[in-house]
Structures are given as structure tokens and as C-alpha cells.
Amino acid sequence: MTTHLDFGRRVHRIGPRSRPFLLVDARSARVCAGLWIAIVLLAVFAVFSGSAQITPVEALTALVGQGDAYTSMVVLEWRAPRILMAVLLGACLAMSGAIFQNLTGNPLGSPDVIGFQTGSYTGAIVVMLLLGGGSVETMAGALAGGVATAFLVFLLSSKHGAVRGVRLIIVGIAVSAMLAAVNVWILLTATVEDAIMASLWGAGNLSGVSWATFLGAFGGSAVFLIAAMALSRPMRLMQIGMPFATALGQNVRAVQVSAIVIGVGLTALATATVGPISFIALAAPQIARRVVRSDGLALGPTAAVGALLLLLADVVAQRIHPDSPLPVGIVTVSIGGLYFLWLLLREGKKR
């Protein structure tokens, strides 16, 4: 038997011939293309602008390996890996936000709101400051901290075996506040040099990104990004309704657990690499859904919006005061605070 489902303008068949569910509609494809064109144009601007003035011709010459030593160092060693890292981590954070907002059924269900990002930060600084671990150990600590925080939040917010979106968000905010206090205590007990280093890292900073750092983050994120795309269809089925997904043979519990691990992994990887960066995971999924005009899970447009937002925030952070650039996390928090307040007010009017 084949069931036809109408999602707005699109009709998907679920049954023996369910492959059309995986297709992307024309509007999503156009939106993704437009967003990636904007990302490329912004990246080109970021390559030749900044405190070290380089003409577009000089930047292009350096990119093809024909530039002088100074231009090649600025373009290839300083700016190119930073730009690519902003694009990569913006996509990771955005997809993590889309996963958790889908699971909670609430636009406030973002990893930076419900405490997972703070938990990743706690795990990272515990390894960094208390255990003296290196970059690999710090990344592992961030992943462990994020997973442990996710488990604790879901455990405390569950009721009769089910987790409700509003309850999850309230519990997550409370856990995040307590972990933030733990983070402050750890920083106060550390040496001045270590505390300053961890604080700068904790502000979300893309400065000092190298090709080795980018390649490590790319290798780790590729696994989670591919897994997230593979879970796209099961999560869309769950969005229609748990009973419906179960009736179609979907293992709802396995999908939920897998989605949590993937979402936390994406957040933890970004946090371990450059520190906690707020707002991207919260806003990108909502912006993408409004641009695509879809109530469903739009992972492709969401990743593109996240990449564009983080790259734009980093460009702004570097150019507000060229002599003393800001950490990108400060820019995203400044914008995200206003967006978070607007979301709270809007959600409050619905109740």
C-alpha cells in the first residue's frame, strides 16, 4: 500500500516506492545555490580586505601559487583556513540546531540554549586546565561533556518516558546556568596565563586557525554531517507524528538517540575547535525554514545559512576595530541576544 502525504506544495509517497521523499524541491535548490553564491562572494571579499590591504589581483595570484612571500602568507596561511573554518563550523552548528529543534518541536530547542554547548565547554576546559590535555584530548573532552550534559538534561526533563519541548528547554537553561558557574570556578582556580587563554578561547575565536586545525575539524565533522543527512528522512517521518512513524516500521527510539549523538557531536566538535559560538544553531534553522517556506526539516538550506552567518559575523568581528579584532563569539552573542528575546516574546504570545 502506498500513502500520499501533502506537505504544502509537495506530495511525497511513502510505501513501496518511497524514494521521492529524498528529493529536494526546486525552491530549496535555488535557495541553496543563492546562499552558496553569497558565501563565495563574501569569502572573496574576506580574502583581499582587512588590516593587510591586498588587491583582488594579488589575492588571486597568491591563490594560484604565483604570489610573493608576504601575500601568500596572508592569503594562504592566515585568511584561507579561517574562512573555510567559519563556513564549515557554521554549517555544523546550524545542522545541530536543526536536529534539536526538530526533536523538541520548539524553535528555542537549540544546543546553545538547552546547555549542550555549555557542557561541551565544561568538558573542554576540564581537560585543558585540570588535566593538561592537548588539542585531541580537548576535543574528546568537549564531546564527552556535551554527551553527558545531553543525557542529564534529557533524564531530568523526561516524564513518563516522554520528553516535552518546553520542559526540556527549561531544564536545559537551568543545567546550563549551573555548568556556567562550574566553568567560572575552574577559570578562577587556574593560573592567570591559562585562565586568559581559556577565556579567549571560550569567547569563540577563529584567530590562529591553521590548515592542520581545519583538516582535523573537516575530518571529524564529515562523519557527523553525513550521518545527519542519512537521518533526514527518518526525522521527517517523526515530525509527521510518532505513531505514524512507528506504524511505518520506524524505530523511533533509535532515531532519537542517533539524532542526539549526532547533534551533540556537531556542537562539541565546533566548541572544541574554536570555543563556544552562540546564535548560529538557534537562528539558522528558523531563517532557512522561512526562506524555503517549509515547515519541515531543511538541512541543506540550514547548513548554507549557518555557514553564511558565521562567515559574515567573523568578517564583521575582524573589521569593527582592525587594530584589535573581536572574537567572533562576541558578535554572534550580541546579535543572538536580541533574536533570543524576540523568540521568547513570540513563544509567550502563543501560550
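A quick note: this is a predicted structure, and the numbers were derived from the prediction, not measured. (Residues numbered from 1 in each chain as written. Predicted model: local features only at pLDDT ≥ 70, side-chain atom pairs only at ≥ 80, totals over all residues. Heavy atoms only, no water.)

## Describing the overall build of the protein chain
Next, step 1: Scanning the protein chain for helices and strands turns up 14 helices and four strands.
Next, step 2: Long-range pairs, those at least 24 residues apart, make up 73% of the contacts in the protein chain between residues at least 6 apart in sequence.
Next, step 3: Surface accessibility of the protein chain: about 16700 Å² in total, with carbon and sulfur atoms responsible for 68%. (Helix = DSSP H or I, 4+ residues; strand = E, 2+ residues; numbered from the N terminus. Contact = heavy atoms within 4.5 Å. Areas by Shrake-Rupley, 256 points an atom, 1.4 Å probe, with all protein chains shown as cover.)

## Looking at the packing of helix α3 (residues 69-104) against helix α11 (residues 252-274)
Next, step 1: α11 packs onto α3 with a crossing angle of 150° between their chain directions and a minimal axis gap of 9 Å. In terms of their interaxial angle, α3 and α11 are classed as roughly antiparallel. In this structure, the crossing between α3 and α11 has a hand that is left-handed. Taking contact as the criterion, the partners of Met85, Leu89, Cys92, Leu93, Met95, Ser96, Ile99, Phe100 and Leu103 in α3 are, on α11, Gln256, Ala259, Ile260, Ile262, Gly263, Val264, Leu266, Thr267, Leu269, Ala270, Thr273 and Val274.
Next, step 2: For the contact of α3 with α11, the class distribution of residues is 16 nonpolar, five polar and no charged. (Axes fitted to C-alpha atoms, helices over the stretch in contact; angles between N-to-C directions. Parallel < 35°, antiparallel > 145°, perpendicular 65-115°, else oblique. Left-handed = near helix turned anticlockwise from the far one by under 90°. Nonpolar A, V, L, I, M, F, W, Y, C, P; charged D, E, K, R; others polar.)

## Some points on the side chain of Thr122
Next, step 1: Mapped onto the elements, Thr122 comes out in helix α4 (residues 116-130).
Next, step 2: Those residues in contact with Thr122 that sit more than four places away from it in its chain are Leu179, Val182 and Asn183.

## Considering helix α13 (residues 299-319)
Next, step 1: If you check α13, its first and last C-alpha atoms are 30 Å apart, about what 21 residues at 1.5 Å a residue would give, namely 30 Å.
Next, step 2: Counting buried positions along α13 yields 15 of 21 residues, so the element is predominantly enclosed. (Expected span 1.5 Å × (residues − 1). Buried < 20%, exposed > 50% of the residue type's maximum accessible area, 1.4 Å probe, protein only.)

## Focus on the side chain of Ser157
Next, step 1: Here Ser157 shows up in helix α5 (residues 135-157).
Next, step 2: Residue classification places Ser157 among the buried positions, given a relative accessible area of 0%.
Next, step 3: In this structure the side chain of Ser157 is engaged in a polar contact, spanning 3.4 Å, whose partner is the backbone oxygen of Phe154. (Polar contact = N/O pair within 3.5 Å; in protein donor to acceptor, adjacent residues only side chain to side chain.)

## With respect to the nonpolar core
Next, step 1: Among the nonpolar cores identified, the biggest contains 82 residues, and Met85, Phe116, Leu266, Ile280 and Leu311 are the most heavily contacted of them.
Next, step 2: The dominant element in this core, judged by the number of residues it contributes, is α3, at 16 residues.
Next, step 3: Filtering out sequence-adjacent residues up to four positions away, Leu311 remains in contact with Ile39, Leu42, Ala43, Ile83, Ala86 and Val87.
Next, step 4: Residues Tyr121, Ala124, Ile125 and Ala272 belong to the second largest nonpolar core, which totals 12 residues. (Core = buried A, V, L, I, M, F, W, Y, C linked by side-chain atoms within 4.5 Å.)

## Some words on the pattern of salt bridges
Next, step 1: Summed over the entire model, instances satisfying the criterion amount to one salt bridge.
Next, step 2: The residue Asp314 makes a salt bridge to Arg82 at a minimum N-O spacing of 2.9 Å. Of this pair, Asp314 sits in helix α13 while Arg82 sits in helix α3, placing them 232 residues apart in sequence. A single burial state applies to Asp314 and to Arg82, both of which are buried. (Salt bridge = Lys/Arg side-chain N within 4 Å of Asp/Glu carboxyl O.)

## Section: the confidence of the model for the protein chain
Next, step 1: Overall, the predicted model of the protein chain reaches an average pLDDT of 81, with 86% of residues at or above 70.
Next, step 2: Mean pLDDT values over the elements of the protein chain span from 42, in strand β2 (residues 10-14), up to 91, in α13.
Next, step 3: Long-range and interchain partners of residues 1-22, a stretch whose pLDDT sits below 50, account for 42 contacts in this model, where long-range means more than four residues apart. (pLDDT = per-residue confidence, 0-100.)

## Brief notes about the packing of aromatic side chains
Next, step 1: What the rule picks out here adds up to five aromatic pairs.
Next, step 2: On the numbers, 6.1 Å between centres and 80° between planes, the contact of Trp211 with Phe214 is edge-to-face. Here the residue Trp211 and the residue Phe214 both occupy positions in helix α8 (residues 211-230), the gap between them amounting to three residues, near one helical turn.
Next, step 3: Trp211 gets classed as partly exposed once you look at its relative accessible area, which sits at 31%.
Next, step 4: With a relative accessible area of 11%, Phe214 lands in the buried category.
Next, step 5: Seen from their ring centres, Phe214 and Phe218 are 6.0 Å apart, and the 35° between their planes marks the pair as tilted. Residue Phe214 and its partner Phe218 are located together in helix α8, separated by four residues, close to a single helical turn.
Next, step 6: Phe218 sits in the partly exposed class, given a relative accessible area of 45%.
Next, step 7: The structure contains a cluster of three or more aromatic residues connected by ring pairs, namely Phe100, Phe116 and Phe154. (Phe/Tyr/Trp six-rings, centres within 6.5 Å; stacked < 30°, edge-to-face > 60°.)

## What to know about helix α7 (residues 192-202)
Next, step 1: Buried within α7 are the following residues: Ala195, Ala198, Trp201 and Gly202. Angular distribution of buried residues about the axis of α7 spans 130°; they occupy a single face of the element. Of the exposed residues in α7, the ones pointing more than 90 degrees away from its buried face are Val192 and Glu193.
Next, step 2: At the exit of α7 stands Gly204, carrying a positive phi of roughly 80°. (Arc of directions from axis to C-beta.)

## Observations regarding unusual backbone geometry
Next, step 1: The phi torsion at Phe279 lies on the positive side, around 80°, for a residue other than glycine.
Next, step 2: Positionally, Phe279 belongs in the loop between α11 and α12 (280-292).
Next, step 3: In this structure Phe279 comes out as buried when scored by relative accessible area, which is 9%.

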